[in-house]
Amino acid sequence: MTCKGDRHFCTLGKGEVLRLLDRSGIAYELYEHDAVFTVEQAHAAGIPHQELGAKNLFLRDDRHRAYYLVCLPDEKSVSLREIQERLGSRRLSFASEKDLGEMLGLAPGSVTPLGVLNDAERRVEVVIDRELVDAGRVTVHPCDNTATVLLATTDLIALLRGRGRTVRVVDL
């Protein structure tokens, strides 16, 4: 666990995320692997359940007021304009690496919906594509890109909502 300054805020790492899943009674399968930074690298690494893989986009609006972590099937292609329209948002772009680190305690390549548990100010809304919910299960990093967990999508949503995070399921 990494703690930042005098804000008494600590970011969850892989071990803390796995312990949280255990304490919450959430069934999951853990796959450890070399660090992966892209969907292509994840596929090449042979991580199981590739058909349930998710890619995660950390986005912000043009006024830096609304932040979204968009989770969609890794083979799906959706433009930022389409996401913006579905969310009813102002113009979207990718959030900075600095925002990713400061808000979610994550590095590029390890973006995951579980990272919003590190969002002390609860500024980031999680947006999950309905296809991932319909699939029933999803693979995501446990705040570390050297591991992947397979879990029920409904368990992921319940965990995040149960910890006061905003989660929206949208047809992207």
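You'll find the structure just up there.
Residues numbered from 1 in each chain as written. Predicted model: local features only at pLDDT ≥ 70, side-chain atom pairs only at ≥ 80, totals over all residues. Heavy atoms only, no water.

Caption draft 1: Molecular detail of the nonpolar core. Ranked by internal contacts, the top residues of the largest apolar core, which has 34 residues, are Phe58, Leu104, Leu114, Val124, Ile128 and Leu151. For this core, the secondary structure elements donating two or more residues are α1 (14–23), β4 (54–61), β5 (67–73), α4 (97–104), β7 (124–129), β8 (137–140), β9 (147–152) and α6 (153–162). Grouped together as the second largest cluster of nonpolar side chains are 13 residues, Tyr68, Val70, Leu72 and Val170 included. (Core = buried A, V, L, I, M, F, W, Y, C linked by side-chain atoms within 4.5 Å. Buried < 20%, exposed > 50% of the residue type's maximum accessible area, 1.4 Å probe, protein only. Helix = DSSP H or I, 4+ residues; strand = E, 2+ residues; numbered from the N terminus.)

Caption draft 2: Representation of the sheet that holds β7 in the model. Spatial ordering of the open sheet is given by β6-β4-β5-β7-β10, a layout of 5 strands whose pairing is mixed. Strand pairing shows two members of the sheet lacking a second neighbour, β6 (92–94) and β10 (167–170), which therefore form its edges. In this sheet, neighbouring strand axes are inclined to one another by 35° on average, regardless of whether the strands run parallel or antiparallel. Pairing analysis gives 7 bridges linking β4 to β5, with the strands arranged antiparallel. Within β5, the residue paired with Lys55 across the bridge is Leu72. Against the sheet, α4 makes contact with β4, β5 and β7, and its axis sits at roughly 100° relative to β4, the strand it touches most. (Pairing = 2+ DSSP bridges. Axes fitted to C-alpha atoms, helices over the stretch in contact; angles between N-to-C directions. Contact = heavy atoms within 4.5 Å.)

Caption draft 3: Region of interest: the layout of surface pockets. In this structure, the largest pocket encloses a volume near 630 Å³. Lining the largest pocket are 31 residues, with Phe37, Val39, Ala54, Lys55 and Asn56 sitting closest to its centre. Elements represented by at least two residues in the lining of the largest pocket include exactly α2 (39–44), β4, α4 and β8. Here the lining of the largest pocket is built from residues that sort into 15 nonpolar, 12 polar and 4 charged. (1 Å grid on protein atoms, 1.4 Å probe; cavity = no way out; pocket = protein on both sides within 12 Å on 5 of 7 lines; lining within 4 Å. Points joined across faces, edges and corners; volume = space filled by probe spheres on them. Nonpolar A, V, L, I, M, F, W, Y, C, P; charged D, E, K, R; others polar.)

Caption draft 4: Here's a closer look at the pairing of β4. Burial analysis of β4 places 7 of its 8 residues in the buried class, which makes it a mostly covered element. Pairing analysis gives 3 bridges linking β4 to β6, with the strands arranged antiparallel. Within the sheet, the bridge partner assigned to Arg60 lies in β6 and is Ser93.

Caption draft 5: Expanded view of α6. Every buried residue of α6 is listed here: Thr153, Leu156, Ile157, Leu159 and Leu160. Buried residues of α6, viewed axially, fall in a sector of 160°; they line one side. Among the exposed residues of α6, those oriented more than 90 degrees off its buried face are Thr154 and Gly162. The elements touched by buried residues of α6 are α1, β7, α5 (130–135), β8, β9 and β10. A positive backbone phi angle near 80° is found at Gly164, which sits one or two residues after α6. (Arc of directions from axis to C-beta.)

Caption draft 6: Quick peek at unusual backbone geometry. One non-glycine residue, His49, lies in positive phi territory at about 65°. Position of His49 among the secondary structure elements: in the loop between α2 and β4. Of the residues examined, His49 reaches a relative accessible area of 23% and is grouped as partly exposed.

Caption draft 7: Structural view of the sheet that holds β8. What the 3 strands build is an open sheet, ordered β3-β9-β8; its pairing is antiparallel. Edge strands, defined here as strands with exactly one partner in the open sheet, are β3 (28–32) and β8. On average, adjacent strands in this sheet sit at an angle of 15° to one another, irrespective of strand direction. Here β8 runs beside β9; their pairing, made up of 4 bridges, is antiparallel. Paired with Val138 across the bridge in β9 is Leu151.

Caption draft 8: Quick look at the side chain of Asp99. Checked against the element boundaries, Asp99 lands in helix α4. The contact partners of Asp99, leaving out residues within four places of it in the chain, are Phe58, Tyr67 and Leu104.

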